[in-house]
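Chain and residue survey
For reference, the chains in residue letters:
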Amino acid sequence: MHILLVNDDGIHAPGLNSLHAELVKFAQVTVVAPAVEQSGVGHSITYLHPLLAHREYRQDEFFGWKVEGSPADCVKLGIMELAQPRPDLVVSGINHGANVGINILYSGTVAAAIEGAFFGVTSFALSQWLGNSAPRFPQAARLGAQLIQQIMAQNPPAGSLWNINFPKWSNEDQSSAEPWPRGVRLTSMGVSRQRETLEKRIDPRGRTYYWTGLEPIHGHELVEGSDVAALVEGYVTVTPLHFDLTSRSQLQQAEANWSPLVIPPQHHQE
């Protein structure tokens, strides 16, 4: 198996390094990752300047390619040029922070997996929710590698897309009997909007600037069966996604009531 490994936190991120260490145990892995952090860039791609890719070495051995571009750029460049033969899987992560609910739409980590699915390659996005705890990327990477192999053993359709999130480490001092994680749940994508913050500040030169962010997830926002709810409850969430944004119900309703638009002849002449 050949895996294209990408992320949005940059090629030096600990989450990517931990995942690489686990994936190479059962697959050939080609790393194509951003040269610097690209969090929150969504599915942006580079059009206005050339994409530069540089070889990255670790202890005098080739590790992968660092790209001066977005996560989606990395996947596009990897599949079309740098990761040969063509990858069997695209794996993106492990992200430093959760990607659940509507935040999936902003995520560079998930965008990289979507780009892989665009190419017809089965793709996975993996993220670690931090909360107030330090991340445990090696543990998440081991479990993530097992989940990837378990899902692939079921022969999912080529180009399928999976979003996996790991809960925060609740027993940081190791004294709690609560296991990490509590289990694994198949979930839907939560669509409730998380409360956002906007902090207005003044810089030393008297200019106004803003910091944006998100408030912690509150209990009344949790929808049973969603990725957000399961993650808060301490479960690993596995959510199958697709990138067809068509509203089928509205399309069917519109078709049922649709009348052909009559275009006047003079409009054709114009």
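Residues numbered from 1 in each chain as written. Predicted model: local features only at pLDDT ≥ 70, side-chain atom pairs only at ≥ 80, totals over all residues. Heavy atoms only, no water.

The name given to the chain in an unreviewed UniProt entry is 5'-nucleotidase SurE, with the source organism recorded as Planctopirus hydrillae. The annotation that UniProt attaches to the chain under Sequence similarities (unreviewed entry) is "Belongs to the SurE nucleotidase family." According to the UniProt record, the Subcellular location (unreviewed entry) comment for the chain is "Cytoplasm". (UniProt positions renumbered as here; feature names shortened; annotations may be inferred.)

Tracing the backbone shows Thr30 in strand E2 (residues 28–34). The class of Thr30 is buried, set by a relative accessible area of 12%. Excluding its chain neighbours within four sequence positions, the residues that come into contact with Thr30 are His2, Ile3, Leu4, Leu5, Leu82 and Ala83. (Helix = DSSP H or I, 4+ residues; strand = E, 2+ residues; numbered from the N terminus. Buried < 20%, exposed > 50% of the residue type's maximum accessible area, 1.4 Å probe, protein only. Contact = heavy atoms within 4.5 Å.)

Here we take up the sheet that holds strand E8 (residues 183–186). Sheet architecture is open: nine strands sit in the order E3-E4-E2-E1-E5-E6-E7-E11-E8, paired in mixed fashion. Only two strands of the sheet have a single partner each, and these edge strands are strand E3 (53–58) and E8. Neighbour to neighbour, the strand axes of the sheet diverge by 25 degrees on average, direction disregarded. The pairing of strand E6 (residues 122–128) with strand E7 (residues 161–166) spans six bridges and is parallel. From the neighbouring strand, Ser123 faces E7, where its bridge partner is Leu161. Across the sheet, helix H2 (residues 71–82) lies against strand E1 (2–6), E2, E3, strand E4 (61–67) and strand E5 (89–96), angled at about 140 degrees from E2, the strand it touches most. (Pairing = 2+ DSSP bridges. Axes fitted to C-alpha atoms, helices over the stretch in contact; angles between N-to-C directions.)

Here we come to the environment of Glu22. Relative to the elements of secondary structure, Glu22 occurs in helix H1 (residues 14–23). Along the chain, Glu22 and Ala140 lie 118 residues apart, while their C-alpha atoms are 10 Å from each other.

For the rest of this paragraph, the subject is the pairing of strand E11 (residues 235–241). The element E11 is largely enclosed, with a buried count of six among its seven residues. Pairing of E7 with E11 involves five bridges; the strand directions are antiparallel. Directly across from Leu161, in E11, lies its bridge partner Leu241. As judged from the four bridges shared by E8 and E11, these two strands associate in the parallel manner. Along E11, the bridge assignment pairs Gly183 with Tyr235.

Let us look at the packing of aromatic side chains. In this structure the tally under the stated criterion is four aromatic pairs. On the numbers, 5.9 Å between centres and 70 degrees between planes, the contact of Tyr57 with Phe62 is edge-to-face. For Phe62, a relative accessible area of 40% translates into the label partly exposed. An angle of 75 degrees between the planes, with centres 5.7 Å apart, marks the rings of Phe62 and Trp65 as edge-to-face. Every member of this aromatic cluster is reached through a ring pair, and the members are Tyr57, Phe62 and Trp65. Geometry around Tyr235 places Arg185 over its ring, the cationic atom sitting 3.7 Å from the centre. (Phe/Tyr/Trp six-rings, centres within 6.5 Å; stacked < 30°, edge-to-face > 60°. Lys NZ or Arg CZ within 6 Å of the ring centre and 35° of its normal.)

All right, on to helix H3 (residues 108–118) then. Counted residue by residue, H3 has 10 buried out of 11 residues, so it is predominantly covered. Within H3, the full set of buried residues consists of Gly108, Thr109, Val110, Ala111, Ala112, Ala113, Ile114, Glu115, Gly116 and Ala117. Check the buried side of H3 and you find it contacts E1, H2, E5, E6, E7 and E11. The distance from a side-chain oxygen at the start of H3 to the backbone nitrogen of Thr109 is 3.1 Å, and the residue carrying that oxygen is Ser107. (Polar contact = N/O pair within 3.5 Å; in protein donor to acceptor, adjacent residues only side chain to side chain.)

Another point: the pattern of salt bridges. Tallied over the full model, the rule gives eight salt bridges. Between Asp244 and Arg248 there is a salt bridge whose closest N-O contact spans 2.3 Å. (Salt bridge = Lys/Arg side-chain N within 4 Å of Asp/Glu carboxyl O.)

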